[in-house]
Amino acid sequence: MISLKEISQKVNGQLKGNPSLQIESVNSIDRANAGEITFSVKETIDPGKLKAAALIVKKNSKIQYPNLIYVEEPYRAFAVLLDFFFPSQRFNESVDPRAVVSDSAVLGENVSIGAFSYLADHCEIGDNCEIHAGVIIYPHVKIGKNCLIYSNVVIREQVKIGDQVIIQPGVVIGADGFGFTRLSDGTPVKIPQKGKVEIGNYCEIGANTCIDRATIEKTVLEDYVKLDNLIQVGHNVRIGKGTAISALTGISGSVDIGENVIMGGQVGIADHAKITDGVMVVAKTGIHGHVKEKGIIAGIPQQDFMTWKRNQVILKNLEKYIEKIKQLEQKIKEMEEKAK
Amino acid sequence: MISLKEISQKVNGQLKGNPSLQIESVNSIDRANAGEITFSVKETIDPGKLKAAALIVKKNSKIQYPNLIYVEEPYRAFAVLLDFFFPSQRFNESVDPRAVVSDSAVLGENVSIGAFSYLADHCEIGDNCEIHAGVIIYPHVKIGKNCLIYSNVVIREQVKIGDQVIIQPGVVIGADGFGFTRLSDGTPVKIPQKGKVEIGNYCEIGANTCIDRATIEKTVLEDYVKLDNLIQVGHNVRIGKGTAISALTGISGSVDIGENVIMGGQVGIADHAKITDGVMVVAKTGIHGHVKEKGIIAGIPQQDFMTWKRNQVILKNLEKYIEKIKQLEQKIKEMEEKAK
Amino acid sequence: MISLKEISQKVNGQLKGNPSLQIESVNSIDRANAGEITFSVKETIDPGKLKAAALIVKKNSKIQYPNLIYVEEPYRAFAVLLDFFFPSQRFNESVDPRAVVSDSAVLGENVSIGAFSYLADHCEIGDNCEIHAGVIIYPHVKIGKNCLIYSNVVIREQVKIGDQVIIQPGVVIGADGFGFTRLSDGTPVKIPQKGKVEIGNYCEIGANTCIDRATIEKTVLEDYVKLDNLIQVGHNVRIGKGTAISALTGISGSVDIGENVIMGGQVGIADHAKITDGVMVVAKTGIHGHVKEKGIIAGIPQQDFMTWKRNQVILKNLEKYIEKIKQLEQKIKEMEEKAK
């Protein structure tokens, strides 16, 4: 329980209503009950239908409600309150005696490591990192401060990770890129993958996602990159700052993705493609070649979204058009007959 | 070795043939040799080509064969015999001393736990559960009776799993959903994912599949849901009873899938879509919006399957139609010339 | 540092230039600096723009450069030099005391096993195998010589793996195939998966890829099969010698893929499809039925690549053609009016 006044201070808001009202929890707008606080980014809600004790809205909102808190970013306030009402617990408090930490590994202050985790030689782990159980970290890996690494993650040798990074369970970082050459008799021969992976600050990597190491250079995720689950990031790829990519997307080798790109799920990107900043990619798009202009793209291969959408409508009606062609053919035949 | 009579009793069948015939094993119809039993759900087989010692058929089958067992469900009888002739072995008999089990965890009768598995505080594991090696179970997880959890599975905090559930290796249940908001300057900010996952009875989850926890509420798999490998189930999703989904399918946040839906592989479903009971979804379909009628769907976005199929035929012949349009154009030109 | 002469001997090449030149490293052609060696398979490069100390080219190349090494296969020479300049380190030297190795497991000479790895009863591991940390190997698994198995891999019972195989982190081999039957009331019932997986020599399996065991028989990868990350190989599949498959591809049950097939990412193959030797499959193709002729295929369902490409051009211009149909319709109407 916390008073509305205290909540208002927590989210840096301006309160209109009863400051001493006690709040039990936070919830989504259609589920919040009496005792709970919720939020809206839309102005078009019907306050009469809400049961919430209080409502967080945008600074200039005109919504009327008994208890309101005005903030710059209601979604961010929601995030803050989720963390407050549902606090995370550390997986364990310190280094579990059943973990293996190499003598040459360097741990910062306040690092916790779960059972059955393995830190190989010359690893460096920054202050306040939390490494859960079953995490395998190969030699010469560097991890920044305040990172959270869930169970059964594998981080291969020489991977470098920034501060405040979250890695969900089962992620594999730094596996060999898919590089083969074929001898003249067709036999495939592995090209050793000796490069690195570098992950910036504030990134998040979804469960069972794979980020391959480069052949010689490095695969790069810049700051604030957000990857969903089961994504494939090939060798030598670069993903720009703030880009977010949905599940089951496949990014081939040497692809270059700009900043603040937003990608739906199951997108595929052919090798060496280059995508400029701010592009939005519809789910299941297949990208081949360069995307030079900001905008929304869809289709296989990619088209401007509006063109694609109009084409989809035509495609749904293809039979009608084919019928029309046949009718025209028939009419012309008749006209020709008459003209004889 | 077991007599045909005993087999007939095991599968609840009616025997026509030699009850004392000794059977060595079970096999598929085109591979079963003398000494082996097989089954057929089709009537259109050629018994003369079979080498099997005996044949399991449907109750009202008219197939003639020296040794026949009539049953309600031949496939189920096949399943029973597979388990009999190829019995599963427990991974280990009890709790391996190299597993970690929290003092506050509650284990039912006859639970086995493999080496390097970790059961955190306040877990509850039902009777006869078999947990293999390297399984990490976070605090407050509840697992029902008779579950089988293969190696290197990760189950995050507060996940609830029913009875008779099978979880293949590498599965991740309860990872954070992919929820972000962007500040006015575009910076993505994580929405903490504080909800749960609930999995019903008799479910099976394929290798390396990921099921995300909800933001506040819960992600739900009802009873008898069967998921193949490498599937993504987003936060707040509900999958109805008896639904089966093939590999590499991606289900976005807040999707609602009905009962007994059957889905091919690599299907993608956009967020908040709702699919009614009994729908069949062809592989690679991209679903957007609601699917309100039972039937087969295909395409991106989804269409009725028969329409889609006819459109595919047209698409294969597009060049022909374009040629026809050009011919008509030419003819009209000629007619106009004449008419001058 | 190594002399050009020594490098030339290492790659079995013919040297033209300064044999005592000291080489520090190897790099790609556009990044190699003074002191580094690089290679080109193309003749159309501009040697004036290179900074590399030396260049490896094909035996009959006409490229002019101060220091050249002529070889049969420049890519292979590159692979050899990568391994030389960036030598791999063993994860650990012997059997880690924190690994569990069953008394009935048989280890060859010079096998190393990482901490928290588990070798169950009756496993056989060939000479010089390197098994990293957290690898779970079920009973009766046989692994050949010189294999490299990265962390957190799971290999289920009775899987057989050849020599010189590399398995990236998080791979699951031998999980149950996705086999269910439905009772007359619709309830899905598991078909037990009691078959095996057999993997040939010189195969490589990418991170988090899954290869399911067969129902009764075996799932087979022949020699030199190369699988990228996050691939699904269903039960009873056979993949022919030398075939290479890119990430996120899904191969349904009982598919038969020939030799030296090359497949892009996110390809889907329907069950029981058969693909002949040497076929090339464009990314995102959906294969249904048999592919009987060698060639390039694309589309859903698959078409000959050239037809598909021409159709894509038409599809991009669909609106134009629809417009044309409307014009023709109008003209015919006008002609009919006149004719009255």
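Bear in mind that the values here come from a model prediction, so they are computed numbers and not experimental data.

Each helix and strand in chain A was counted, giving 4 helices and 39 strands. Its C-alpha atoms give chain A a radius of gyration of 27 Å, more than 25% over the compact-globule value 20 Å for 340 residues. By principal-axis analysis of the C-alpha atoms, chain A measures approximately 95 × 70 × 30 Å. Counting the 340 residues in chain A, one finds 58% classified as buried. Long-range pairs, those at least 24 residues apart, make up 17% of the contacts in chain A with a sequence separation of at least 6. In the form shown here, chain A has an accessible surface area of approximately 14,300 Å², with 48% of it arising from carbon and sulfur atoms.

All names here are of chain B. Where strand 17 (residues 154–155) lies against strand 20 (residues 172–175), 2 bridges are found, and the strand directions are parallel. Note on strand 20: the bridge partner recorded for I155 is I173. Pairing between strand 20 and strand 25 (residues 210–212): 3 bridges, direction parallel. Residue A175 lies in a different strand from strand 25, and its bridge partner there is D212.

Residue and element names in this part refer to chain B. A full pass over the atoms with the stated rule returns 40 salt bridges over all chains. Between K218 and E198 there is a salt bridge, and its shortest N-O distance comes to 3.1 Å. One end of the pair, K218, is in strand 26 (residues 218–221); the other, E198, is in strand 23 (residues 196–199), with 20 residues separating them in the sequence. Under the relative-accessibility criterion, K218 is labelled partly exposed at 39%.

What follows covers the sheet that holds strand 6 (residues 54–58) of chain C. The sheet built from 5 strands is open, its strands ordered 2-7-6-5-4 (chain C) with mixed pairing. Each edge of the open sheet is held by one strand with a lone partner, namely strand 2 (14–16) and strand 4 (25–26) of chain C.

Residue and element names in this part refer to chain B. The strand order across the open sheet built from 10 strands is 8-11-14-17-20-25-28-31-34-37, with neighbouring strands paired in parallel fashion. With partners counted over all chains shown, the strands left at the sheet margins are strand 8 (100–101) and strand 37 (286–287), one partner each. Here 2 bridges tie strand 11 (residues 118–119) to strand 14 (residues 136–137), and the two strands are oriented parallel to one another. Paired with Y118 across the strands is I136, a residue of strand 14.

What follows deals with the packing of helix 4 (residues 318–339) of chain A against helix 3 (residues 305–316) of chain B. Here helix 4 of chain A crosses helix 3 of chain B at 50°, and the two axes come no closer than 9 Å. Judged on the interaxial angle alone, helix 3 of chain B and helix 4 of chain A are oblique. Together, L318(A), E319(A) and I322(A) of helix 4 of chain A and T307(B), R310(B), N311(B), I314(B) and L315(B) of helix 3 of chain B make up the contact between the two elements. Looking at the contact of helix 4 of chain A with helix 3 of chain B residue by residue, the classes come out as 4 nonpolar, 2 polar and 2 charged.

Residues with a pLDDT of 70 or more make up 100% of chain A, whose mean pLDDT is 95. Reported for the predicted complex are a pTM of 0.95 and an ipTM of 0.94.

Along the chain, Y118(A) turns up in strand 11 (residues 118–119). In this structure the C-alpha to C-alpha distance between Y118(A) and S61(A), which are 57 residues apart in sequence, comes to 52 Å. Excluding anything up to four places from it in sequence, Y118(A) contacts V100(A), V135(A), I136(A), I137(A), F91(C), D96(C), A115(C) and F116(C).

A word on the packing of aromatic side chains. Following the criterion strictly, the structure yields 30 aromatic pairs over all chains and no others. Centroid distance Y118(A) to F91(C): 5.2 Å. Interplanar angle 35°. Geometry classified as tilted. One end of the pair, Y118(A), is in strand 11; the other, F91(C), is in the loop between helix 2 (74–85) and strand 8 (100–101), on a second chain. One exposure class covers both Y118(A) and F91(C), and it is buried. A ring pair is formed by F84(B) and F85(B), whose centres lie 5.0 Å apart and whose planes are at 75°; its orientation type is edge-to-face. We classify F84(B) as partly exposed; its relative accessible area is 34%. Judged by its relative accessible area of 16%, F85(B) is buried. A network of ring pairs unites the aromatic residues F91(A), Y150(A), Y118(B) and Y138(B) as a single cluster. Between the NZ or CZ atom of R156(A) and the centre of the ring of Y138(A), over which it lies, the distance is 5.9 Å.

Turning our attention to the relation of the copies chain B and chain C. In this arrangement, two copies of a chain are superimposed by a rotation about an axis accompanied by a shift along the axis. Take chain B, turn it by 120°, move it 0.0 Å along the axis, and it overlays chain C with an RMSD of 0.1 Å. This pairing of chains is accounted for by a three-fold axis. Scanning chain B for the C-alpha nearest the rotation axis identifies F116(B), at a separation of 3.7 Å.

For the rest of this paragraph, the subject is the packing of helix 4 (residues 318–339) of chain B against helix 4 (residues 318–339) of chain C. At a closest axis distance of 11 Å, the pairing of helix 4 of chain B and helix 4 of chain C adopts a crossing angle of 30°. Between helix 4 of chain B and helix 4 of chain C, the crossing angle belongs to the class labelled roughly parallel. Read as a crossing pair, helix 4 of chain B and helix 4 of chain C show a hand that is left-handed. Contact residues: I322(B), I325(B), L328(B), E329(B), I332(B), M335(B) and E336(B) in helix 4 of chain B; Y321(C), K324(C), I325(C), L328(C), K331(C), I332(C) and M335(C) in helix 4 of chain C. Partitioned by chemical class, the residues of the contact of helix 4 of chain B with helix 4 of chain C number 10 nonpolar, no polar and 4 charged.

This part is about the interface of chain B and chain C. If you look at the interface, chain B gives 61 residues, while chain C gives 65 residues. Of the roughly 5,100 Å² buried where chain B meets chain C, counting both sides, 67% is carbon and sulfur surface. On inspection of chain B and its partner chain C, the count reaches 5 salt bridges. The partner of E204(B) in a salt bridge is K190(C), with the nearest N and O atoms 2.9 Å apart.

This paragraph deals with a nonpolar patch on the surface. Taken together, the side chains of I262(A), M280(A) and I296(A) make up a nonpolar region of the molecular surface, amounting to roughly 230 Å² of accessible area. Within the secondary structure layout, I296(A) lies in strand 38 (residues 296–298).

Counting residues at the interface gives 61 residues for chain A, matched by 65 residues for chain B. Here chain A and chain B share an interface that buries about 5,100 Å² over both sides, 67% of which is from carbon and sulfur atoms. Three residues stand out in chain A for area buried against chain B, namely F116(A), K284(A) and E319(A), and they jointly supply 11% of the buried area on that side. There are 5 salt bridges connecting chain A and chain B.

Turning our attention to the environment of I143(A). All names here are of chain A. With respect to the helices and strands, I143 occurs in strand 15 (residues 142–143). In the structure, I143 is positioned 170 residues away from V313 in sequence and 50 Å away in space, judged by C-alpha atoms. Contacts of I143, omitting those with residues within four sequence positions, involve E124, I125, G126, C129, I137, I149, I155, I161 and G162.

Cut-offs applied
- Residues numbered from 1 in each chain as written.
- Chains lettered and ligands numbered in written order.
- Predicted model: local features only at pLDDT ≥ 70, side-chain atom pairs only at ≥ 80, totals over all residues.
- Heavy atoms only, no water.
- Helix = DSSP H or I, 4+ residues; strand = E, 2+ residues; numbered from the N terminus.
- Rg over C-alpha atoms; globule rule 2.2 N^0.38 Å.
- Buried < 20%, exposed > 50% of the residue type's maximum accessible area, 1.4 Å probe, protein only.
- Contact = heavy atoms within 4.5 Å.
- Areas by Shrake-Rupley, 256 points an atom, 1.4 Å probe, with all protein chains shown as cover.
- Pairing = 2+ DSSP bridges.
- Salt bridge = Lys/Arg side-chain N within 4 Å of Asp/Glu carboxyl O.
- Axes fitted to C-alpha atoms, helices over the stretch in contact; angles between N-to-C directions.
- Parallel < 35°, antiparallel > 145°, perpendicular 65-115°, else oblique.
- Nonpolar A, V, L, I, M, F, W, Y, C, P; charged D, E, K, R; others polar.
- pLDDT = per-residue confidence, 0-100.
- Phe/Tyr/Trp six-rings, centres within 6.5 Å; stacked < 30°, edge-to-face > 60°.
- Lys NZ or Arg CZ within 6 Å of the ring centre and 35° of its normal.
- Least-squares fit on C-alpha atoms with pLDDT ≥ 70 in both.
- Left-handed = near helix turned anticlockwise from the far one by under 90°.
- Buried area = accessible area lost by both parts, 1.4 Å probe.
- Patch = residues over 30% accessible without salt bridge, like charges linked within 9 Å, V, L, I, M, F, W, Y side chains within 5 Å.

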